[in-house]
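# An overview of the molecular structure
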Amino acid sequence: MSAPELQGLSLLRYLWRQLTSMRTALILLLLLGLASIPGSLFPQRTQSPLKVREYFESDSTGAKWMDRFYLFDVYGSPWFSAIYILLFISLIGCVVPRSWHYFREIFKAPAPAPSSLRTMEGFHEVEGQLEAAQRWLKSHRFRIVRDGKSIAAEKGYLRETGNLVFHLSLIVVLLGIAGSSVFGMRGEAIINVGERFINTPTSYDNLTPGRFFSIGNLPPFTIKADNFDATYNPETNAPEDYVLNVTTQDGVDGESIKKVVRVNEPLTFGSTRVYLQANGYSPLVTVKDKSGEVKFEGPVPFLPQDSNLTSIGAIKVPDMEPQVGFVGSFLPTAARDKVRGGFSSFPELLDPRLLVSVWTGDLKMDTGVPQSVYRIDTEDMERIGLWALRIGETYQFEVGSITFNGVIPWVNLQVVRDPGKQYALFGSILAIIGLMASLFIRQRRIWVREVNGKLEIAGLALNRLPGLDEEIKKLATEMKEAK
Amino acid sequence: MTKTDWAYVSNDLVYGALFIYTIAFILYTYETAFAVRANKEGASSSIDRTKTAKSSRIATIVFLLATAVLLLGVVARGVSASRVPWSNMYEYSISGALTFALAYLIVGRKYDLRWLGLPISIAVLLILGTAITLLYRPSAPLVPALQSTWLVVHVFAAILSGGVFLLSNTIAATYLWLDRMERKGERTAFAKRLPTLEVLDQLSYRLVAFVFPLWTFAVIAGAIWAEAAWGRYWGWDPKETWAFITWILYAAYLHARVTAGWKGRKAAWLCLLAGSTYLFNYVYVNVWGTGRHTYSGL
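Right, let's walk through the structure included here. Note that the structure is a prediction, hence the values are computed from the model and not measured. (Residues numbered from 1 in each chain as written. Chains lettered and ligands numbered in written order. Predicted model: local features only at pLDDT ≥ 70, side-chain atom pairs only at ≥ 80, totals over all residues. Heavy atoms only, no water.)

### Re the overall build of chain A
Applied cut-off: Strands here mean DSSP runs of E at least two residues long; helices mean DSSP runs of H or I at least four residues long; both are numbered from the N terminus. To sort residues, take the accessible area from a 1.4 Å probe on protein chains only and compare it with the maximum for the residue type: under 20% means buried, over 50% means exposed, and anything in between is partly exposed. Any two residues whose heavy atoms approach within 4.5 Å at even a single point are treated as in contact. Areas reported as accessible are Shrake-Rupley estimates using a 1.4 Å probe. Residue values count occlusion only from the protein chains shown. By the counting rule applied here, Lys and Arg register as positive and Asp and Glu as negative, while His and the ends of each chain are not counted. Charge placement uses NZ in Lys and CZ in Arg. For Asp and Glu, CG and CD serve respectively.
When its secondary structure is counted, chain A shows ten helices and 23 strands. Along the longest, intermediate and shortest principal axes, the C-alpha atoms of chain A span 120 × 60 × 55 Å. The buried share of chain A, reckoned over its 483 residues, is 45%. Contacts in chain A between residues far apart in sequence, at least 24 positions, make up 62% of those at least 6 positions apart. Element-wise, carbon and sulfur atoms account for 57% of the exposed surface of chain A, whose accessible area totals about 25,800 Å². A distance of 12 Å separates the average location of the 52 positive side-chain charges in chain A from that of its 51 negative side-chain charges.

Put into structure tokens, the structure is as follows:
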């Protein structure tokens with residue numbers, strides 16, 4: 001093929017035709033599947049940032065190169081976006097012009113009978129009358145066109161409609177997803193049981209608003225965590241039930257309502273929902289200086305590391321001179337072996353133990369660099385003590401003391417505003433209905449023609465679903481019997 | 001009976017089913033071998049089916065019996081934990097083997113699929129054997145994230161789709177095998193009894209077209225559940241990603257057939273590829289994968 005000179009508009013038109021061709025759509029579809037694979041093989045920042053950090057720590061050059069190709073952000077990467085945007089343009093370019101075509105097609109009369117019916121599907125030749133055939137086709141709800149000596153009948157127009165509905169509803173789903181990410185928000189907060197969560201930006205541990213979500217628009221609700229119950233299987237240690245009792249207040253003057261939150265039963269405030277995502281323990285500690293003055297008191301959330309809630313955390317006391325930090329682990333049911341050292345053997349508080357190592361020096365809390373509340377950078381600090389505490393015990397070290405007063409559970413609440421999800425759901429339901437219509441509805445034509453006093457019957461199964469032969473056979477038998 | 005008793009009954013029934021499937025497998029093997037031998041002399045096109053008809057019938061009856069026993073075993077497993085029997089990889093496997101066997105029997109009522117008995121019984125034996133030896137976990141209550149009606153709907157739809165995908169894959173694989181044989185020369189005596197390439201091609205397509213909306217539903221039901229349990233309906237969790245890839249590939253397959261007119265070899269390869277992503281998802285994410293769909297109990 002010699003390529004024609006392509007310039008300006010004609011080049012654009014050529015590219016557009018290429019993009020919206022079925023072949024390109026198929027290739028893009030396969031590419032999209034291929035492109036989503038790396039995201040399931042490498043950790044993704046949005047799901048497991050800690051694992052991504054491990055990659056950088058163990059092989060920083062390799063990780064940097066992987067990062068350059070967006071292998072840790074596959075689903076937000078330019079190349080992934082390019083594929084699905086092209087696919088949707090191709091889809092729109094393919095479906096929208098066809099919609100108009102099919103929209104007209106829906107009201108169109110069946111195509112007239114071909115000159116010879118013998119080559120068509122299910123050909124029959126029977127004695128009979130055209131009138132009877134027409135009555136039969138009509139009673140079976142075929143759309144009919146009659147001219148002198150022949151009938152053209154068609155049925156199953158809904159199939160094409162279904163096909164179009166399916167493809168158009170995919171666009172609705174995509175718009176819903178886009179709407180969620182632009183107008184929605186999500187955030188997380190750890191709440192100790194007994195505390196109150198007030199829905200303002202400062203209450204969040206992290207908050208990701210969509211591009212057009214104004215942070216000032218957070219709905220003013222509060223949630224007080226009254227009680228949290230976790231039940232575990234004594235044999236397998238697996239959780240059996242998490243129940244969080246809360247008192248909520250919707251709006252500034254809303255009345256207090258008691259509610260229950262479970263993993264599959266989130267709270268709803270208008271278009272915002274609050275999910276119970278994780279839980280752990282906060283040891284209650286009191287830290288005093290040498291003179292006995294209280295320098296820190298309260299619950300400190302520790303982060304679970306395994307399913308038995310072996311947890312790690314840090315207690316930072318910048319008010320002491322020199323500054324003091326405690327690097328700690330908390331074991332709800334203490335156990336010990338040679339390999340792992342101290343660990344927890346059951347997630348409930350059967351034999352709680354707080355292990356602390358005491359460090360003095362500079363906590364570097366004034367450097368302006370954001371710090372993890374669960375870790376202490378001990379590079380410029382000196383360790384001055386190490387102890388395991390039971391509830392009620394106090395450990396005295398050089399410059400003060402720490403007392404382990406007790407434990408309260410914490411819960412991690414995820415707050416999500418997802419305004420596009422109804423549209424995505426609506427689109428999905430429509431997509432299934434359209435899909436079933438396009439796959440299961442038989443669209444077929446039947447032609448009947450009177451030739452030399454006999455009836456010739458044949459048809460065409462437009463989407464090649466079986467059943468036309470039997471249908472024609474039935475019609476033929478009926479004609480014979482009517483005779 | 002206590003819950004533990006039910007769990008033991010279930011184990012016995014699953015073992016029993018494995019044993020009966022083995023008998024069915026032996027009968028199918030015998031039938032296959034005998035059909036070939038029956039053809040030893042005379043023209044290669046004539047096959048004496050009368051000699052094998054009886055063993056073929058017996059094999060199918062034994063297969064049916066094994067499936068009934070497996071069904072009871074799966075039900076007993078559900079009773080032992082007072083919930084649906086598909087909450088970890090072992091249960092998913094025995095339920096999956098059951099739907100696969102049932103899909104074979106049901107489709108076999110309409111089409112003559114006795115020739116598929118041998119490969120199908122091998123596949124069922126492999127799934128059940130792996131489940132019993134490697135994946136077994138004691139019957140236990142559900143973790144909080146699984147305590148939802150969607151467990152019934154979402155996972156059942158996924159298992160059912162999987163059973164039919166697997167059947168369609170088996171047929172597509174048979175197509176490719178026979179196609180290769182025909183290109184090299186004539187079909188062997190055994191293969192002569194199998195349906196024509198055209199029938200296989202149509203059948204594997206029809207199974208996919210039938211079950212694709214169900215798979216779409218399984219993915220959407222999963223999204224609805226994820227919205228309620230995890231606060232997002234789509235998060236590119238490895239299992240979600242691979243379910244999406246399976247969906248994409250089957251969608252491409254349907255387009256290739258209906259719109260682009262693919263048939264035969266190319267279509268069969270695409271069908272196999274799509275089906276293997278389902279299997280990959282089942283093995284990879286459950287055994288080595290990360291993410292939130294980690295309920296295998298391994």
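### Examining the packing of helix α5 (residues 150–184) of chain B against helix α7 (residues 197–230) of chain B
Residue and element names in this part refer to chain B. This is how it is decided: Only the stretch in contact is used when fitting a helix axis, every axis being a line fitted to C-alpha atoms; angles between N-to-C directions are given from 0 to 180 degrees. Angle categories are assigned with fixed cut-offs, so that under 35 degrees is roughly parallel, over 145 is roughly antiparallel, 65 to 115 is roughly perpendicular, and the rest are oblique. By the definition used in this description, the sense in which the near helix is turned from the far one sets the handedness, with an anticlockwise turn below a right angle giving left-handed and a clockwise turn giving right-handed. Throughout, the ten residues Ala, Val, Leu, Ile, Met, Phe, Trp, Tyr, Cys and Pro are labelled nonpolar, Asp, Glu, Lys and Arg are labelled charged, and all others, Gly among them, are labelled polar.
Running from N to C, α5 and α7 point in directions that differ by 155°, and their axes come no closer than 8 Å. One element, α5, and the other, α7, form an angle in the roughly antiparallel class. In this structure, α5 meets α7 at a crossing whose hand is left-handed. Considered class by class, the residues forming the contact of α5 with α7 number 27 nonpolar, six polar and three charged.

### Some thoughts on the sheet that holds strand β15 (residues 323–331) of chain A
For clarity, the threshold we go by: Any two strands with at least two DSSP-identified bridges between them are counted as paired.
Judged by pairing direction, the sheet is antiparallel, and its five strands sit side by side in the order β13-β14-β15-β18-β19 (chain A) without closing on themselves. Across the chains shown, the open sheet's two edge strands, defined by having one partner strand only, are β13 (303–304) and β19 (381–389) of chain A.

### Quick word on the interface of chain A and chain B
A common way to state how big an interface is: give the accessible area lost once the parts meet. Cut-off, in case you're wondering: We define a salt bridge as a side-chain nitrogen of Lys or Arg found within 4 Å of a carboxyl oxygen belonging to Asp or Glu. Any pair of nitrogen or oxygen atoms within 3.5 Å is treated as a polar contact; in protein, a donor-acceptor pairing is required on top of that, and neighbouring residues in sequence qualify only through side-chain atoms on both sides.
Facing 46 residues of chain A, the contacting portion of chain B comprises 48 residues. Counting across the interface, chain A meets chain B through two salt bridges. Its salt-bridge partner being Glu-227 of chain B, residue Arg-273 of chain A comes within 2.7 Å of it at the nearest N-O pair. The interface formed by chain A and chain B holds 18 residue pairs in polar contact (both at pLDDT 80 or more) in total. It is helix α9 (residues 421–440) of chain A that provides the largest number of residues to the side of chain A that touches chain B, a total of nine residues. The residue inventory of the side of chain A that touches chain B, partitioned by class, reads 26 nonpolar, twelve polar and eight charged.

### What about the sheet that holds strand β23 (residues 454–461) of chain A?
Residues and elements named next belong to chain A. Ordered by their spatial adjacency, five strands build an open sheet running β1-β23-β22-β3-β2, and the pairing between neighbours is antiparallel. What marks the edges here is a single partner per strand, and that holds for β1 (121–127) and β2 (143–147). Geometrically, the sheet is characterised by an average inter-axis angle of 15° between neighbouring strands, direction not taken into account. By the bridge criterion, eight bridges tie strand β22 (residues 444–451) to β23 in an arrangement that is antiparallel. What sits directly across from Arg-445, in β23, is Leu-460. Sitting on the sheet, helix α10 (residues 468–482) is in contact with β1, β22 and β23, with an inclination near 0° to β1.

### Description of the packing of aromatic side chains
All names here are of chain B. For clarity, the threshold we go by: Each pair of aromatic rings taken from Phe, Tyr and Trp, with Trp reduced to its six-membered ring, is defined by centres within 6.5 Å and is described as stacked if the planes are under 30 degrees apart, edge-to-face if over 60, and tilted in the remaining cases.
Taken as a whole and judged by the stated rule, the model has 37 aromatic pairs over all chains. When the ring of Tyr-90 is compared with that of Tyr-136, the centres are 4.8 Å apart and the planes differ by 75°; the resulting orientation is edge-to-face. You can see Tyr-90 sitting in helix α3 (residues 89–110) and its partner Tyr-136 sitting in the loop between α4 (117–135) and α5, a full 46 residues away along the chain. Accessibility expressed as a relative area gives 1% for Tyr-90, which makes it buried.

### Some words on the pattern of salt bridges
A complete count under the given rule lists 30 salt bridges over all chains for this structure. Put simply, Glu-91 of chain B and Arg-77 of chain B hold a salt bridge, and the shortest N to O gap is 2.7 Å. Taken together, the positions of Glu-91 of chain B in helix α3 and Arg-77 of chain B in helix α2 (residues 50–81) put the pair 14 residues apart, joining distant regions of the chain. Side by side, Glu-91 of chain B and Arg-77 of chain B carry an identical accessibility label, which is buried. Its salt-bridge partner being Arg-183 of chain B, residue Asp-179 of chain B comes within 3.4 Å of it at the nearest N-O pair. One end of the pair is Asp-179 of chain B and the other is Arg-183 of chain B, both in helix α5 and four residues apart, which spans about a single turn. Under the relative-accessibility criterion, Asp-179 of chain B is labelled buried at 8%. We classify Arg-183 of chain B as exposed; its relative accessible area is 51%. In this structure, a network of salt bridges that share partners links the residues Arg-45, Asp-67 and Asp-73 of chain A.

### What about the packing of α3 of chain B against α4 of chain B?
Residues and elements named next belong to chain B. Direction vectors running N to C along α3 and α4 enclose 170°, while the axes themselves pass 9 Å from each other. Taken together, the axis directions place α3 and α4 in an arrangement best described as roughly antiparallel. At the point where α3 passes α4, the crossing takes the left-handed sense. Contact residues: α3 offers Met-89, Tyr-90, Ser-93, Ile-94, Ala-97, Phe-100, Ala-101 and Tyr-104, while α4 offers Gly-117, Ile-120, Ala-123, Val-124, Ile-127, Leu-128, Ala-131, Ile-132 and Leu-135.

### Focus on unusual backbone geometry
Of note, the amide linkage connecting Glu-321 of chain A to Pro-322 of chain A takes the cis form, showing an omega dihedral of -5°. Checked against the element boundaries, Pro-322 of chain A lands in the loop between β14 (311–317) and β15. Unlike most non-glycine residues, Leu-309 of chain A shows phi in positive territory, near 65°. Tracing the sequence through the fold places Leu-309 of chain A in the loop between β13 and β14. Backbone geometry at Ser-82 of chain B places phi at a positive 50°, although glycine is not the residue there. If you trace the backbone, Ser-82 of chain B turns up in the loop between α2 and α3.

### Side note on the nonpolar core
Inclusion rule: For our purposes a nonpolar core is just a set of buried Ala, Val, Leu, Ile, Met, Phe, Trp, Tyr and Cys residues, chained together by side-chain atoms within 4.5 Å.
In terms of nonpolar packing, the biggest core is built from 112 residues, with Tyr-21, Phe-63, Leu-70, Tyr-104, Leu-167 and Trp-215 of chain B touching the most fellow members. With 16 residues, the single largest contributor to this core is α7 of chain B. For Leu-70 of chain B, the contacting residues outside a window of four places in its chain are Val-14, Ala-17, Tyr-21, Ile-94, Ala-97, Leu-98 and Leu-128 of chain B. Counting residues in hydrophobic clusters, the runner-up holds 49 residues, among them Met-185, Ile-223, Val-317 and Phe-346 of chain A.

### A word on a nonpolar patch on the surface
Residues and elements named next belong to chain A. In plain terms, the rule: Distance thresholds for patches are 9 Å for like charges and 5 Å for nonpolar side chains (Val, Leu, Ile, Met, Phe, Trp, Tyr), applied to residues having over 30% relative accessible area and no salt bridge.
Taken together, the side chains of Trp-16, Ile-85, Leu-86 and Ile-89 present a nonpolar region at the surface, about 350 Å² in accessible area. Here the nonpolar patch gets three residues from one element, more than from any other, and that element is helix α6 (residues 78–106). Along the chain, Trp-16 falls in helix α1 (residues 8–19).

### With respect to the environment of Val-260 of chain A
Residue and element names in this part refer to chain A. Position of Val-260 relative to the elements: it lies in strand β9 (residues 256–261). Placed 34 residues apart in sequence, Val-260 and Asp-226 show a C-alpha to C-alpha distance of 9.9 Å. Residues within four places of Val-260 in sequence aside, it is in contact with Val-243, Leu-244, Asn-245 and Glu-265.

### Quick look at the pairing of β22 of chain A
All names here are of chain A. Of all the eight residues making up β22, six are buried; the element is thus mostly covered by neighbouring parts of the structure. The sheet contact formed by strand β3 (residues 150–155) and β22 spans six bridges and is antiparallel. When the sheet's bridge partners are listed, Ser-150 is paired in β22 with Arg-449. What sits between the antiparallel neighbours β22 and β23 is a turn of two residues, in which Asn-452 has the positive phi angle 50°.

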